[in-house]
Amino acid sequence: MSRLPILATALAAAFTLATAHAAEEPVLNLYSARHYQTDEALYSNFTKATGIKINRIEAGDEQLLERLKTEGANSPADVLLIVDAARLWQAQQLGLFQPVKSELLAKRIPTKFRDPDGNWDGFSYRARVIVYDKAKLKPADVPTYESLAGPKLKGQVCVRSGSHPYNLSLLGSLIAHLGPEKAQAWANGLVANLARAPKGGDTDQIKAVAAGECSVALANSYYYARILRSSKPEDKEIAAKTGLVWPDQAGAGTHVNISGAGIMKHAPHPGNATKFLEYLASDEAQRYFAGGNNEWPVVPTVAVDNPALAALGTFKIDPLPIATLGKNTVEAQKIADRAGWK
Ligand code: FE
């Protein structure tokens, strides 16, 4: 057999692959857990630049994961956009993603914010911070996550459920840094210090500090920045009464997490999906994406214009790869359960 037919077959196969993307309809189906005003500009600018129309399904993270599970191989979704390493890991374990192949993403997004197997990329990051009552505590009283579990803060700590992804990821980082035994001791100490049974979201914990129900709380940075940017008198009062600590500045650095996205395994428009993720890494999209939720852009050369974040100053970030947090969530949940952190 001559080599010619083999070459012809290879060429035909390559051509089919190349045209598979080229022949995609100019449509992208996006399942997103985000819903911010600036997202309108984010999406319309992508459509302007590429001619690709975006169909959006917006719902909560858990709802989107349920929906994708139900839809299976028939899902119209091209891209899933959700928050927190714990949830991205969950989506990955469900086999929802296909690896993205993009030199541009590899170049623009720092390795620690990407899944090493290419399932997802982070596009903005947020920090898990300590918010304290300025009338009762000083920053030096609560410099670390570990300090929240110490005997001095008995009955003074507010925090949301231990099963919530934000806390599972934080526990995941403590498992990585301290080992599972010390992470368990931390969770036990934290639960022993609770001012009340966990309820509500991060904003509710900040409000409880301002209301005097607890002296200190854990919250994601964007919730605090949102209060700082608010013109409502009740928010101004909360901002005046409370302070923020970047935890673990003398140690591992403050725990950060991401908003991230990946391409679905059964995406009808994988070429458009890749273009969309690459667009999210552009300077312009990075600013909209991070700005819409008072987060920071993952692309280090992109500057944010956010007075609230600027007022909080800079901080040392825990360099732990985000993918490590996801992998530790199963262990983290066991620790939270054993501690009775409901
Ligand atoms: Fe949140």
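Predicted model only: the values in this text are computed from it and were never measured.

Rules and cut-offs
- Along each chain, numbering runs from 1 in the same order as the chain's sequence is written.
- Two thresholds apply to this predicted model, a pLDDT of at least 70 for residue-level local features and 80 or more for giving and counting side-chain atom pairs, whereas whole-chain, interface and lining totals are computed over all residues.
- Calculated side-chain values reflect all of the structure's heavy atoms, with hydrogen atoms and water omitted.
- Sites may look incomplete because water is not among the atoms; the donors themselves are N, O and S atoms within 2.8 Å of the metal, or within 3.2 Å for Na, K and Ca.
- Runs of H or I in DSSP of at least four residues are treated as helices and runs of E of at least two as strands, each being numbered from the N terminus.
- Using a 1.4 Å probe on the protein chains alone, a residue whose accessible area is under 20% of its type maximum counts as buried, one over 50% counts as exposed, and one in between counts as partly exposed.
- With axes taken as lines fitted to C-alpha atoms, and helix axes fitted only over the stretch in contact, angles between N-to-C directions fall between 0 and 180 degrees.
- Oblique is the label for any angle not under 35 degrees, not over 145, and not in the 65 to 115 range, which are roughly parallel, roughly antiparallel and roughly perpendicular in turn.
- When the near helix sits turned anticlockwise from the far one by under a right angle, the crossing is termed left-handed; a clockwise turn instead gives a right-handed crossing.
- Whether two residues touch is decided by their heavy atoms; if any such pair falls within 4.5 Å, the residues are in contact.
- Note on residue classes: Ala, Val, Leu, Ile, Met, Phe, Trp, Tyr, Cys and Pro are nonpolar, Asp, Glu, Lys and Arg are charged, and everything else, Gly too, is polar.
- Domain delimitation in this document rests on an assignment produced automatically or drawn from a domain database.
- Buried area counts how much accessible surface, traced with a 1.4 Å probe, disappears from two parts once they are put together, with both parts' losses summed.
- When a carboxyl oxygen of Asp or Glu lies within 4 Å of a side-chain nitrogen of Lys or Arg, that pair is called a salt bridge.
- Definition of nonpolar core: a set of buried residues of the types Ala, Val, Leu, Ile, Met, Phe, Trp, Tyr and Cys, connected through side-chain atoms within 4.5 Å.
- A pair of Phe, Tyr and Trp rings is counted when the ring centres sit within 6.5 Å of each other, with Trp represented by its six-membered ring. The angle between the planes then sorts it: under 30 degrees is stacked, over 60 is edge-to-face, the rest tilted.

> I'm lost on the coordination of the iron ion in this one. Help?
Geometry reference: four tetrahedral donors at a metal, ideal angle 109.5 degrees. Six octahedral donors, ideal angles 90 or 180 degrees. Coordination of the iron ion by the protein involves Tyr-166 (OH), Tyr-222 (OH) and Tyr-223 (OH), with metal-donor separations of 1.9 to 2.0 Å. Read in sequence order, the donor residues for the iron ion give the motif Y-x55-Y-Y. Placement of Tyr-166 in helix α6 (residues 165-178) and of Tyr-223 in helix α9 (residues 221-229) is noted, with a sequence separation of 57 residues between them. Considered together, Tyr-166 and Tyr-223 belong to a single accessibility category, that of buried residues.

> Would you take a moment to explain the packing of helix α7 (residues 180-192) against helix α15 (residues 329-339) for this structure?
When two helices pack together, their arrangement is given by the angle between the helix axes and by the axis-to-axis distance. One can describe the packing of α7 onto α15 by two numbers: an axis separation of 9 Å at closest approach and a directional angle of 40°. As far as their axial angle goes, α15 and α7 are oblique. Handedness of the crossing formed by α7 with α15: right-handed. Of the residues in α15, those touching α7 at Pro-180, Ala-183, Gln-184, Ala-187, Asn-188 and Val-191 are Glu-331, Ile-335, Arg-338 and Ala-339. Of the residues belonging to the contact of α7 with α15, the class tally is six nonpolar, two polar and two charged.

> How do you make sense of the environment of Lys-265 when you look at a structure like this?
On the secondary structure map, Lys-265 appears in the loop between β9 (256-264) and α11 (270-280). Along the chain, Lys-265 and Val-299 lie 34 residues apart, while their C-alpha atoms are 26 Å from each other. Sequence-distant contacts of Lys-265, that is, excluding residues within four places in its chain, are made with Gly-95, Leu-96, Phe-97 and Gln-98.

> Looking at this structure, I do not really get the domain arrangement of the protein. What am I missing?
Size of an interface, as often reported, equals the accessible area lost when the parts are brought together. Assigned domains within the protein: domain 1 (4-125 + 257-304) and domain 2 (126-255 + 316-339). One C-alpha centre belongs to domain 1, the other to domain 2; they are set 30 Å apart. Of the residues lining the interface, 20 residues belong to domain 1; the matching set on domain 2 comes to 22 residues. Roughly 1900 Å² of surface becomes buried between domain 1 and domain 2 when both sides are summed, with 61% attributable to carbon and sulfur atoms. Summed over the three residues of domain 1 that lose the most area to domain 2, namely Lys-112, Asn-257 and Asn-294, the buried surface amounts to 32% of that side. Linking domain 1 with domain 2 are one salt bridge, by the criterion used here. The residue Arg-126 makes a salt bridge to Glu-295 at a minimum N-O spacing of 2.7 Å. The dominant element in the side of domain 1 that touches domain 2, judged by the number of residues it contributes, is helix α4 (residues 85-93), at four residues.

> I'm lost on the nonpolar core in this one. Help?
Within soluble globular proteins, side chains that are nonpolar tend to cluster in buried spots. Judged by nonpolar contacts, the single largest core of 73 residues is most densely connected at Leu-80, Phe-123, Tyr-125, Phe-276 and Leu-277. Split by domain, the residues of this core number at least three in each of domain 1 (4-125 + 257-304) and domain 2 (126-255 + 316-339). Not counting the four nearest positions on each side in its chain, Leu-80 is found in contact with Tyr-31, Leu-64, Leu-65, Leu-68, Ala-91, Phe-97, Gly-260, Ala-261, Gly-262 and Met-264. By size, the runner-up hydrophobic cluster in this structure holds 28 residues, among which are Ile-130, Leu-153, Val-245 and Trp-341.

> I keep staring at the packing of aromatic side chains and nothing clicks. Help me out?
Within a pair of aromatic rings, the relevant descriptors are the distance that separates the centres and the angle that separates the planes. Applying the stated criterion across every chain, the model contains twelve aromatic pairs. Ring centres 5.2 Å apart and planes at 80° place the aromatic pair Phe-46 and Phe-276 in the edge-to-face group. Taken together, the residues span a long stretch of sequence, with Phe-46 in helix α2 (residues 38-50) and Phe-276 in helix α11 at a distance of 230 residues. Taking relative accessible area as the criterion, Phe-46 reaches 1% and is therefore assigned buried.

> I keep staring at the pattern of salt bridges and nothing clicks. Help me out?
Working definition: two side chains of opposite charge can pair if their charged atoms are close together. Here the structure, examined in full by the defined rule, presents 15 salt bridges. Glu-66 serves as the salt-bridge partner of Lys-69, at 3.1 Å between the closest nitrogen and oxygen. Of the two residues, Lys-69 and Glu-66 are both situated in helix α3 (residues 61-71); the distance of three residues between them amounts to about one turn of the helix. For the salt bridge of Glu-237 with Lys-241, the shortest nitrogen-to-oxygen distance reads 3.4 Å. Placement of the pair is Glu-237 and Lys-241 together in helix α10 (residues 233-241), with a separation of four residues, close to one helical turn. For Lys-241, a relative accessible area of 36% gives the class partly exposed. Each of Glu-40, Arg-56 and Glu-58 takes part in one network of salt bridges that share partners.

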